[in-house]
Amino acid sequence: MYNPQEIEPKRQKIWREQNAHTFDPSSKKPKYYILVMFPYPSGRIHMGHVRNYVIGDVFARYFRLKGYEVFHPIGWDSFGLPAENAAIKNKIPPRLWTETNIEHMKKQLARLGISYDWSSELATSRPEYYKWNQWFFLKMFDKGLAYRKQSAVNWCPKCATVLANEQVISGACWRCSSEVETKDLEQWFIKITDYAQALLDGHKALEKNWPDEVLTMQRNWLGRSEGAEVEFALDGTPESLRIFTTRPDTLFGATFMVVAPEHPLSIKLAEADKKIADYASEAVARRVKSHEDSKSPTEKTGVFSGLCAVNPVNGEKIPVWISDYVTMDYGTGAIMCVPAHDQRDFDFAKKYSLEIRSVIKPKNAGINKSLDGAYEAEGEMINSGDYDGLDNKEGARRIVKELAGKNLAKAAVHWRIKDWLISRQRYWGTPIPVVYCPKCGIKGVNEKDLPVKLPDDIAITGSGESPLASHKSFVEAKCPDCGGPARRETDTMDTFVDSSWYYARYCDPKNTSSPFDKNKAAMLLPVDQYVGGIEHACMHLIYSRFWHKFMRDAGLVTSDEPFAQLLTQGMVTLKGETMSKSKGNIVEPDEIIQKYGADALRLFIMFAAPPSHQLDWSDSGLEGIRRFLNRVSRLAEKATESDNAPARPASPEESLMLKKIAARTVAKVARDIEIEKQFNTAVSSMMELVNAMTTYSSDGDEVWREALESLLIILSPFAPHFAQETLATLRGEAKDKYNNKDDDRWPDVDEKLLSDDEIEIAVQINGKVRAHMIIPADMDEKSVYEKVLADEKIKQFIDGKKMVKYVYIPKKIVSIVVK
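Calculation criteria
The written sequence of each chain sets the order in which its residues are numbered from 1. Local features in this predicted model are restricted to residues of pLDDT 70 or higher, and side-chain atom pairs are both shown and tallied only at a pLDDT of 80 or more, whereas totals for entire chains, interfaces and linings draw on every residue. Side-chain measures here rest on the full set of heavy atoms in the structure, leaving out hydrogens and waters. Going along the chain from the N terminus, every DSSP run of H or I of four or more residues is numbered as a helix, and every run of E of two or more is numbered as a strand. The buried label applies to any residue whose accessible area, calculated with a 1.4 Å probe on protein chains only, is under 20% of its type's maximum; exposed applies above 50%, and partly exposed to all values in between. Only heavy atoms enter the contact rule, under which two residues are in contact if any of them lie within 4.5 Å. Accessible areas in this description were obtained via Shrake-Rupley with a 1.4 Å probe; residue shielding takes into account the shown protein chains only. Any residue with relative accessible area above 30% and no salt bridge may belong to a patch, with like charges joined within 9 Å and the nonpolar Val, Leu, Ile, Met, Phe, Trp and Tyr side chains within 5 Å. Put simply, a salt bridge is a Lys or Arg side-chain nitrogen that is within 4 Å of an Asp or Glu carboxyl oxygen. Neither His nor the chain ends is counted toward charge; the positive residues are Lys and Arg and the negative residues Asp and Glu. Lys charges are placed at NZ, Arg charges at CZ, Asp charges at CG and Glu charges at CD. Site definitions follow a grid-based scheme: protein atoms alone, a 1 Å grid, a 1.4 Å probe that fits but cannot get out for cavities, and for pockets an open set with protein on both sides within 12 Å along at least five of seven lines, plus lining residues having an atom within 4 Å of a point. Grid points are joined across faces, edges and corners, and a volume is the space filled by probe spheres set on the points. Ten residues, namely Ala, Val, Leu, Ile, Met, Phe, Trp, Tyr, Cys and Pro, are considered nonpolar, four, namely Asp, Glu, Lys and Arg, are considered charged, and the remaining ones, Gly among them, are considered polar. Only strands that DSSP links by at least two bridges are regarded as paired with each other. Any Phe, Tyr or Trp ring, taking Trp's six-membered ring, that has another such ring centre within 6.5 Å forms a pair; planes under 30 degrees apart are called stacked, those over 60 apart edge-to-face, and the others tilted. Expected helix span is taken as 1.5 Å per residue step, with the number of steps being one fewer than the number of residues. Here the nonpolar core consists of buried residues drawn from Ala, Val, Leu, Ile, Met, Phe, Trp, Tyr and Cys, with membership extended through side-chain atoms lying within 4.5 Å. Only C-alpha atoms enter the line fits that serve as axes; for helices the fit covers just the stretch in contact. Angles between N-to-C directions range over 0 to 180 degrees. As used here, the arc is the angular range of directions from the helix axis to the C-beta atoms. The definition of a polar contact used here is a pair of N or O atoms within 3.5 Å, where within protein one atom must be able to donate a hydrogen and the other to accept one, and adjacent residues in sequence count solely through side-chain atom pairs. Throughout this description, any angle smaller than 35 degrees is read as roughly parallel, any larger than 145 degrees as roughly antiparallel, any in the 65 to 115 degree range as roughly perpendicular, and the remainder as oblique. Each crossing gets its hand from how the near helix is turned against the far one by less than a right angle, where anticlockwise is left-handed and clockwise is right-handed.

### Re the overall build of the protein
Looking only at helices and strands, the protein has 25 helices and 32 strands in total. For the C-alpha atoms alone, the extent of the protein along its principal axes is close to 105 × 75 × 50 Å. Sorting the 819 residues of the protein into buried and exposed places 54% on the buried side. Excluding contacts between residues fewer than 6 apart, the proportion of contacts in the protein whose partners are at least 24 apart in sequence is 72%. Working note: accessible area of the protein is about 36,100 Å², and carbon and sulfur atoms make up 49% of it.

Written out as structure tokens, the structure is:
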């Protein structure tokens, strides 16, 4: 019986003292970089963290066994709003709160037995890291990629501060419950749209090794649309409305137009029309409340603007409406509406009794005059003047060409993705390194003056403007150009900036003269295996891909993508529900480790579900894992008993059978980890090997001992403390020897033992597996029956008894019932 409370601290001490997991850049071994998404130091790790980190550690330990020099770093995504909230609640400085949490969580990770290279540890809230955030910002600023413009934000008038969408609860401030308003403020942006096509094209290199779901989510987030921009003159005014459409073939079916409540035309009309002003205000408030700016409300509403636009293809005057189902987030914030061929337009037209006109019909079909929904597919053009009878795609091309000749349209590509707003009116983040000089304008801080440090003597109250804005010595600065008085920017950067390039800083975390050494980065990047939650598909994973391409263009890295392979793990739930403090259903890792040990927790997390699926917590499942480890422990005890001569030797056939089962298990576990990334089936295969060893006649012979040693080695990525300690005992080695860096290698497999010509079957008698056999893959049922009954081991259990049932499930199992 193994004792995790004794074994695990001892093994962890050995690893620490011997720097067992420190990366050696001078090693001649091939390099392998494994990375998990780094944690926010909230103070305690949860089961979602455990799953993420154990998956990464299985990879790391496996590839070390395969002969790689593995780089497996860790750090802390340590800027963010929770630290400010804790400062307000507990009256403790954010830096102290953060660093205290880091120390506690480091101990938790060590207790899990995660094989990190702690020599590369970093924290994004430390000046030696965020100095380089500022350096990158200045490089982007110099190239025009970082810029400032007005942008609408959520604004709490009582707290006098900007709120993130997550801080708006049912339209009210999360802190004071005041009604949230929208307000235009000068904000800093990064022009990620300049890289939109490169981000989309980069998917080709990721298709084999990234989840399809992530790539699909990114494609939708990027939202590339090909179409045309078309000008609609506003009747009776010198102005026009520019719209973007992917269906210029339906222009003849446009019977009205809609602009967003935030569109400049809506704002202008609202100044003179209270009805429009009230509607626009209410529509925007509904968006703030729902946090769904990019989605339309279920019930579409609108108000007539009083204006008409002129359709450029036929000269018809069509009404212009203002409606909440159009936003400024896509296209131009104005659309032409073709209710016969767009369901949203159809619903709006029905509600407000607007004309519906079909201009596309299915090919070789009549005109549907009783429309009960929009026809959105391709087809033949009708009711479209000279274009009648044309295929709609050809018609679209001709219409755009004709309108372009009149300067009324042009082919265009639009993107859903918008430039990245990085301004945050908070304290605990990277200061944006610019000053405002009344003489010279906006100026970047000189590189020699980086980092612009956060002051520690700050008052964080949770109300009013950013704490930095009221810190006199921070705000007052000198212009880097003229040397005159200037005002320092008091916004800080979005924390996604911190996580956009941290994987590269790990390569050289102590560098004081550049973000990292190019040669060190070239040796390690891209990351070979990245592990994290799918919820980061459209923010972190896009931002980091953008940042990497910027670094490539700046000559800092040589690869096109930051992460060669991506595994996204599912959530850990309890009875199907997300774990949370408010629900009182948290399962604390520390408590589980204390009761069952870290190895049992690790093994359960890997066995309970495929890594990409949701994992539902089960105490009974954990008990089953503990029993499995105890079974393996008993096998090892048998092998080390002084009198371990087998009661009778195994037959040559049985010995060959165990060799084949062991070889196939080693091969399958390797494939499950490295190729399939299905750790649950890897664990299941090891359990089957234990079953075969348990029923083996001659436990203790050479074949059996080789199988046991192979089992312990392939088990070690999952349960490293137990496997390494048991291996040391089995081999009679000194108990303080580290068995997983220089001595152990993944077991070699004789390819002959993997032949598909023969298969393994289990033989079950009265519901209990009593033997395993190797049989030809094409053996017929009658021959299998004869072979089973002739086996000496099986005869022990059935001789003198009546056979009442015999079932053969081909290539799997023989089940016999006797009385």
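### What about a negative patch on the surface?
On the surface, D756, D757, D778, D780, E781 and E786 cluster together into a negatively charged patch. By the secondary structure assignment, D756 is in the loop between α23 (720-731) and β29 (758-765).

### A look at the side chain of T726
Residue position: T726 is located in helix α23. If sequence neighbours within four positions are ignored, T726 has contacts with A636 and L712.

### A few points about the layout of surface pockets
Over the atoms, a rolling probe the size of a water molecule traces out where space has been left empty. Put simply, the second largest pocket is a space of about 550 Å³. Forming the boundary of the second largest pocket are 21 residues, of which R664, K668, S685, E688 and E760 lie nearest the centre. Residue assignment for the lining of the second largest pocket shows that the elements contributing at least two residues are α20 (652-676), α21 (679-694), β29 and β30 (768-776). Grouping the constituent residues of the lining of the second largest pocket by class yields six nonpolar, seven polar and eight charged.

### A short note on the sheet that holds strand β26 (residues 572-574)
What the three strands build is an open sheet, ordered β27-β26-β28; its pairing is mixed. Each having just a single partner strand, β27 (577-578) and β28 (615-616) make up the two edges of the open sheet. In this sheet, β28 lies alongside β26 in parallel orientation, the contact comprising two bridges. Residue pairing across strands places V572 opposite L615, the latter belonging to β28.

### Some words on the packing of aromatic side chains
As enumerated under the stated definition, the model contains 43 aromatic pairs in all. Plain terms: the ring middles of F38 and Y502 are 3.7 Å apart, the flat faces sit at 10 degrees to each other, and that makes the pair stacked. Taken together, the residues span a long stretch of sequence, with F38 in the loop between β1 (31-36) and α2 (47-65) and Y502 in helix α14 (residues 502-505) at a distance of 464 residues. Across the pair, exposure class does not vary: F38 and Y502 are buried alike. A centroid spacing of 5.5 Å and a plane angle of 85 degrees characterise the contact between W321 and F348, whose relative ring orientation is edge-to-face. Remark: F348 occurs in helix α11 (residues 343-352) and W321 occurs in strand β12 (residues 317-323); sequence separation between them is 27 residues.

### Observations concerning α21
Under the 1.5 Å per step criterion, the end-to-end length of α21 is 23 Å for 16 residues, consistent within 8% with the ideal 22 Å. All of the buried residues in α21 are F679, N680, A682, V683, S685, M686, M687, L689, V690, A692 and M693.

### Some thoughts on the nonpolar core
In this structure, W617, L629, L708 and F718 are the most contacted members of the largest nonpolar core, which totals 88 residues. The element that contributes the greatest number of residues to this core is α2, accounting for eleven residues. Excluding residues that lie within four positions of it along the chain, W617 makes contacts with M47, T573, L574, M579, V587, I592, L601, F604, I605 and L622.

### Describing the sheet that holds strand β32 (residues 813-818)
The pairing of strands in a sheet happens through backbone hydrogen bonds and is either parallel or antiparallel. Strands sit in the order β30-β29-β32-β31 across an open sheet of four strands; the sheet is mixed. For this open sheet the edge positions go to β30 and β31 (803-809), each flanked by a neighbour on one side alone. Here the strands of the sheet are splayed against their neighbours by 20 degrees on average, with no regard to which way each runs. The sheet contacts of α20 involve β29 and β30, and relative to β30 the element is tilted by about 90 degrees.

### Considering empty space enclosed by the protein
In the structure shown here, the tally under the stated rule is two cavities of 30 Å³ or more. Considering the residues around the second largest cavity, the lining is formed by G80, L81, R424, R426, W428, G429, T492, M493 and T495. Taken together, the residues that form the lining of the second largest cavity break down as three nonpolar, four polar and two charged.

### A look at the pattern of salt bridges
Opposite charge on two side chains allows them to pair when their charged atoms are near. Under the counting rule described, the total for this entry stands at 44 salt bridges. Here R126 makes a salt bridge to E99, at a shortest N to O gap of 2.9 Å. Of this pair, R126 sits in the loop between α4 (94-111) and α5 (127-142) while E99 sits in helix α4, and the two are 27 residues apart along the sequence. In this structure R126 comes out as buried when scored by relative accessible area, which is 19%. One salt-bridge network, held together by shared partners, links E229, E231, R242 and K410.

### Re α11
Within the sequence span of α11, burial applies to D345, F346, F348 and A349. All buried residues of α11 fall inside an arc of 170 degrees around its axis, so they share one side. The N-terminus of α11 is capped by D342, whose side-chain oxygen sits 3.0 Å from the backbone nitrogen of R344.

### Regarding the environment of I360
By secondary structure assignment, the location of I360 is in strand β14 (residues 360-361). With a relative accessible area of 3%, I360 lands in the buried category. Taking the C-alpha atoms as reference points, I360 and K660, 300 residues apart in sequence, are found 65 Å from one another.

### Quick word on the environment of D457
Here D457 shows up in the loop between β20 (441-444) and α13 (472-475). Take D457: its relative accessible area is 58%, and that puts it in the exposed class. Among the polar contacts listed, one links the side chain of D457 to the side chain of H471, at a separation of 3.0 Å.

### Comments concerning unusual backbone geometry
Here L450 and P451 are connected by a cis peptide whose omega angle stands at 0 degrees. Position of P451 relative to the elements: it lies in the loop between β20 and α13. A positive phi angle, near 60 degrees, is found at N407, a position not held by glycine. Relative to the helices and strands, N407 resides in the loop between α12 (392-405) and β16 (409-414).

### With respect to the packing of helix α19 (residues 619-640) against α21
Closest axis-to-axis distance for the α19/α21 pair is 11 Å, and the angle between their directions is 45 degrees. Classified by the angle their axes make, α19 and α21 are oblique. When you trace α19 past α21, the crossing you get is left-handed. On α21, the residues that touch I625, F628, R631, V632 and L635 of α19 are M686, M687, V690, N691, M693 and T694. In terms of residue class, the contact of α19 with α21 is made up of eight nonpolar, two polar and one charged.

### Comments concerning the packing of helix α3 (residues 81-90) against α4
In contact at an axis separation of 8 Å, α3 and α4 are set at 110 degrees when each is read in the N-to-C sense. The orientation of α3 relative to α4 falls into the category roughly perpendicular. The hand of the α3/α4 crossing is right-handed. Contacts between α3 and α4 involve P82, A83, A86, A87 and N90 from the first element and P94, W97 and T98 from the second. When the residues that make up the contact of α3 with α4 are grouped by side-chain class, the tally is six nonpolar, two polar and no charged.

### Considerations on the pairing of β20
Two elements, strand β19 (residues 434-437) and β20, share four bridges in a ladder whose sense is antiparallel. For V434, the partnering residue across the bridge sits in β20 and is G444. In textbook terms, the turn of a hairpin is the stretch between consecutive antiparallel strands, and for β19 and β20 this stretch comprises three residues.

### Considering the side chain of T245
You can see T245 is positioned in strand β9 (residues 240-245). Engagement of the side chain of T245 in a polar contact is seen with the backbone nitrogen of R247, the distance being 2.9 Å. Once residues lying within four places of it in the same chain are set aside, the contact partners of T245 are G227, A228, V230 and M336.

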